[in-house]
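Structural description and commentary
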Amino acid sequence: MKQTDELKIQISAKCAEVEKLQQEMQLDAAAKAADELNDMVTAYKVAAALEEADFKSFMANARPLEATVMNGSNGHLLSSGKYMAYHGGVAGDEYRQHFFNAVRNKFRDSSTSYLREGTPAMGGYLVPTEFGAEILSKLETENVLRQIGSVITTASEHKIAVVATPPSATWVAEAQNIETTAESFRQLSLGAHKLAAAITVSNELLFDSFYDIENHLTREFAKALARAEEDSFLNGDGEGKPAGILPSIAADSDAYVTGTFSAETYTDDLVKLQYSIPRAYRRNASWLISEELIQSLRKAKDTTGRFMWQDSLSGEEPPLLLGNPVYTSPFLPKATTGNIPLLYGDFSYFKIAERGTRTMRALREVYALQDMTAFLMIERVDGLLVDSNAVKGLKIA
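Residues numbered from 1 in each chain as written. Predicted model: local features only at pLDDT ≥ 70, side-chain atom pairs only at ≥ 80, totals over all residues. Heavy atoms only, no water.

**Focus: the overall build of the chain**
Scanning the chain for helices and strands turns up 12 helices and 16 strands. Considering the chain as a whole, with its 397 residues, one finds that 44% of them fall into the buried category. Here the contacts in the chain between residues at least 6 apart in sequence split such that 71% fall between residues at least 24 apart. For the chain, the exposed surface amounts to about 21,200 Å²; the carbon and sulfur share of it is 50%. (Helix = DSSP H or I, 4+ residues; strand = E, 2+ residues; numbered from the N terminus. Buried < 20%, exposed > 50% of the residue type's maximum accessible area, 1.4 Å probe, protein only. Contact = heavy atoms within 4.5 Å. Areas by Shrake-Rupley, 256 points an atom, 1.4 Å probe, with all protein chains shown as cover.)

Set out below in structure tokens:
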């Protein structure tokens, strides 16, 4: 028997298996079987090409499936009718349409058969790729650390090797032994902390087909997640949330300079902080200050009477302070004794690790008496300053 004939039999049997599992509502098993079916079809294509067989004639007579099954591992789709080709998974327009139909139907069972569920740790349904990208774009606008930090995507715990003792070079005379110094490393790790945001929507708006529910959810979830992220990226204690920049700086006396930061000492304190950073980090450095300080710094002048603050010529670029871009955060503390209201350095060394895909689900009963529905979005994220020399702060004396 030819290999293609054997594969035809296997494919027909697998189609029957997928159909049976779907009828029994064993969706996870059906998705796994669908993945195996796709591998068989791929193998048949290769074998058919080698044997110069007519693959299309076989597919035209393939046994139809009666229900819709989304393959949970690679986005392949089994739909009413014949076995279908790749349909884009969560990146497809059809998934997006089904997702927001399910939103309006509050993710009731009848509206979610097409959707892919997240992992047990995440819960809910995977958001469409384009919708997730829109949320991410707004997160970058709302969260200043996403603008100036470095964002990476991880599938598991991400380990970073950091040089603890840098190498050195020595002058060596001819015919003399070369002494080498070995670098030493320490290892940092980025995990994944679960961050959840819930927003409520009136059922009247939810069922209004003219109301842009997608834009509303994008905007509100991005605001809520961004605020929580930025606060933890700056102030987090590492317990169930990221380890923030400020606690790590406050715990290391070499990571900050002190100053009174009064009208008479603005210039001295800023210059002292600026040059406490090694030259290599100053090339890409920026300021991150509390919003309370903006008014004071806009009025500050150097010893020649020139304003140190320079507004941007275009609204798209940040203003400059002593030649470096200025960003602000409401989560930096006030300029009172003992606080660190101002940071300076290369924030690209602050790594933000995203794990997996955001998920969403409806909480239908919580606000039922108010005729409202709550939607819960969950993401897994971590953040860490991986080089303590890259960013330093000004502590008010």
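**Describing helix 4 (residues 93-104)**
Helix length check: helix 4, at 12 residues, gives a terminal C-alpha distance of 17 Å against a target of 16 Å (1.5 Å per residue), a fit within 8%. Along helix 4, the residues that are buried comprise Y95, R96, F99, F100, A102 and V103. Around the axis of helix 4, the buried residues are gathered within 150° of arc, so they sit on the same side. Turned more than 90 degrees off the buried face of helix 4, the exposed positions are D93 and Q97. (Expected span 1.5 Å × (residues − 1). Arc of directions from axis to C-beta.)

**Description of the nonpolar core**
Counting 43 residues, the largest nonpolar core has L145, I245, L342 and L343 as the members making the most contacts within it. The contacts of I245, once residues within four sequence positions are left out, are L145, F233, L234, L343, F347, F350, L385 and V391. Grouped together as the second largest cluster of nonpolar side chains are 27 residues, Y95, L115, L139 and M377 included. (Core = buried A, V, L, I, M, F, W, Y, C linked by side-chain atoms within 4.5 Å.)

**Side note on the packing of helix 5 (residues 129-142) against helix 8 (residues 213-235)**
Where helix 5 contacts helix 8, the two axes come as close as 8 Å, and the packing angle between them is 45°. Relative to helix 8, the element helix 5 is oriented oblique. Seen along the crossing, helix 5 lies across helix 8 with a hand that is right-handed. Contact residues: F131, E134, I135, K138, L139 and E142 in helix 5; E214, L217, T218, R219, A222, K223, L225, A226, E229 and E230 in helix 8. Considered class by class, the residues forming the contact of helix 5 with helix 8 number seven nonpolar, one polar and eight charged. (Axes fitted to C-alpha atoms, helices over the stretch in contact; angles between N-to-C directions. Parallel < 35°, antiparallel > 145°, perpendicular 65-115°, else oblique. Left-handed = near helix turned anticlockwise from the far one by under 90°. Nonpolar A, V, L, I, M, F, W, Y, C, P; charged D, E, K, R; others polar.)

**Some remarks on the pairing of strand 13 (residues 342-345)**
Residue alternation in strand 13 divides its side chains into two sets, L342 and Y344 and L343 and G345, and both sets are buried. Sheet topology note: the strand 9 (residues 286-290)/strand 13 ladder contains four bridges and is antiparallel. Bridge assignment links S286 to a residue of strand 13, and that residue is G345. (Pairing = 2+ DSSP bridges.)

**Considering unusual backbone geometry**
Although it is not a glycine, A175 sits at a positive phi angle of roughly 70°. Positionally, A175 belongs in the loop between strand 5 (158-165) and strand 6 (184-190). Residue class for A175 comes out exposed when judged on its relative accessible area of 81%. A positive phi angle, close to 55°, is found at D371, a residue other than glycine.

**Quick look at the confidence of the model for the chain**
For the chain, the average pLDDT comes to 79, and 80% of its residues sit at 70 or higher. When pLDDT is averaged over each element of the chain, strand 13 comes out on top at 97 and strand 2 (residues 77-78) at the bottom at 34. Predicted confidence is poor over residues 53-88, with pLDDT under 50, and the contacts of this stretch with residues over four places away or in other chains come to 86 contacts. (pLDDT = per-residue confidence, 0-100.)

**Observations regarding the environment of S348**
The topology assignment puts S348 in the loop between strand 13 and strand 14 (350-363). The sequence separation of S348 and Q147 amounts to 201 residues, and the corresponding C-alpha distance is 9.3 Å. The residues touching S348, leaving out its near neighbours within four places in the chain, are I148, G149, S150 and N284.

**Considering the side chain of D387**
Turning to its location among the elements, D387 is positioned in the loop between strand 15 (372-385) and strand 16 (391-396). Of the residues examined, D387 reaches a relative accessible area of 13% and is grouped as buried. Those residues in contact with D387, other than ones at most four positions away along the chain, are Y281 and Y349.

**Here's the deal with the sheet that holds strand 8 (residues 256-259)**
Pairing in this open sheet of seven strands is mixed, and the strands run 8-16-13-9-12-11-10 from one edge to the other. Looking at the sheet topology across the chains shown, the edges are occupied by strand 8 and strand 10 (309-310). With four bridges joining them, strand 9 and strand 12 (residues 324-329) adopt parallel strand pairing. Its bridge partner being in strand 12, S290 is matched across the sheet by S329. Sitting on the sheet, helix 10 (residues 266-274) touches strand 8, strand 9, strand 11 (320-321), strand 12, strand 13 and strand 16, and the angle it makes with strand 8 is about 170°.

**Re the pattern of salt bridges**
Under the definition given, this model contains seven salt bridges. For K241, the salt bridge is made with D237, and the minimal N-O distance between the two is 3.7 Å. R298 is the salt-bridge partner of D311, the closest N and O atoms lying 2.9 Å from each other. Highlighted residues: D311 in the loop between strand 10 and strand 11 and R298 in helix 12 (residues 294-299), separated in sequence by 13 residues. Each of R146, E229, E354, R358 and E379 takes part in salt bridges that share partners, so that together they form one network. (Salt bridge = Lys/Arg side-chain N within 4 Å of Asp/Glu carboxyl O.)

**What to know about the pairing of strand 14**
Sheet analysis places strand 3 (residues 125-126) next to strand 14, joined by two bridges and oriented antiparallel. Residue Y125 lies in a different strand from strand 14, and its bridge partner there is M360. Where strand 4 (residues 150-154) meets strand 14, five bridges bridge the pair, whose relative direction is parallel. Paired with T153 across the bridge in strand 14 is E354. Inspection of the sheet shows strand 14 paired to strand 15 by 11 bridges, in the antiparallel sense. Each bridged residue has a counterpart across the sheet, and for M360 the counterpart in strand 15 is M377.

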